[in-house]
Amino acid sequence: MSVKVIPIRPARQPAVAPAAENGPPRLDGDPGRVQPLLRELQRAVDRELGERVPAAAWLRELRLDDDECVVALAPGLRQQGQHVAEAAFATLRRLLSDTDIYVGAAA
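Keep in mind it's a predicted model, so treat the numbers as computed, not measured. (Residues numbered from 1 in each chain as written. Predicted model: local features only at pLDDT ≥ 70, side-chain atom pairs only at ≥ 80, totals over all residues. Heavy atoms only, no water.)

1. Thoughts on the packing of helix α1 (residues 31–49) against helix α3 (residues 81–95)
The geometry of a pair of packed helices is captured by two quantities: the angle between their axes and the separation between those axes. The contact between α1 and α3 brings their axes to 9 Å, and the two run at 145 degrees. For the pair α1 and α3, the sense of crossing is right-handed. Of the residues in α3, those in contact with L37, E40, L41, A44, V45, E48 and L49 of α1 are H83, V84, A87, A88, T91, L92, R94 and L95. (Axes fitted to C-alpha atoms, helices over the stretch in contact; angles between N-to-C directions. Helix = DSSP H or I, 4+ residues; strand = E, 2+ residues; numbered from the N terminus. Left-handed = near helix turned anticlockwise from the far one by under 90°. Contact = heavy atoms within 4.5 Å.)

Encoded structure:
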C-alpha cells in the first residue's frame with residue numbers, strides 16, 4: 001500500500017493589511033488626467049505586490065495639478081511600503097516628465 005504525502009505550507013500573508021474604513025482614496029485634479037494615472041499606478045502596485053490589491057488598500061490620496069503630483073500611501077503596507085513608494089514614483093516620473101512628484105505615507 002502506498003502512502004500519500006500531503007505537504008503542509010504556511011498560509012500566505014496578504015500583501016497589505018485590509019483596507020481601513022476610510023472608503024475610496026481621495027482624488028483631486030482633472031479627472032481626464034487623474035484616472036489614467038490611477039490606472040497606471042494600480043498596475044505598478046499590482047506588479048510590485050504580486051497580486052491585485054484594490055486602491056483603497058494602498059492609496060489614501062492622489063492629487064494632481066499643473067506642476068505638482070502628490071501621492072499619499074496608506075499605512076499598513078508592511079514590508080512592501082518602500083517598494084510600493086518606489087514603483088509609484090518611477091511610474092509617475094515616466095508619465096509626468098515636467099512635474100514635481102511627492103510620494104509618501106499618509107498621516
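2. Considering the side chain of Q42
Considering the arrangement of structural elements, one finds Q42 in helix α1. Using a relative accessible area of 11% as the deciding quantity, one classes Q42 as buried. Side-chain polar atoms of Q42 contact the side chain of D46, separated by 2.8 Å. Those residues in contact with Q42 that sit more than four places away from it in its chain are R52, V53, P54, A55 and W58. (Buried < 20%, exposed > 50% of the residue type's maximum accessible area, 1.4 Å probe, protein only. Polar contact = N/O pair within 3.5 Å; in protein donor to acceptor, adjacent residues only side chain to side chain.)

3. Observations concerning the sheet that holds strand β3 (residues 68–73)
Hydrogen bonds between backbone groups are what pair the strands of a sheet, and the pairing can be parallel or antiparallel. Pairing within the open sheet is mixed, and its four strands lie in the order β1-β2-β3-β4. The sheet is open, and its two borders are formed by β1 (26–28) and β4 (100–105), each paired with just one other strand. Strand-to-strand, the axes of this sheet are offset by a mean angle of 5 degrees, without reference to chain direction. By the bridge criterion, three bridges tie β1 to strand β2 (residues 59–64) in an arrangement that is parallel. The partner of R26 across the bridge, within β2, is E61. Together, β3 and β4 form the strand contacts of α3, whose direction differs from that of β4 by roughly 165 degrees. (Pairing = 2+ DSSP bridges.)

Without other data, these values stay purely geometric and don't point to any function.
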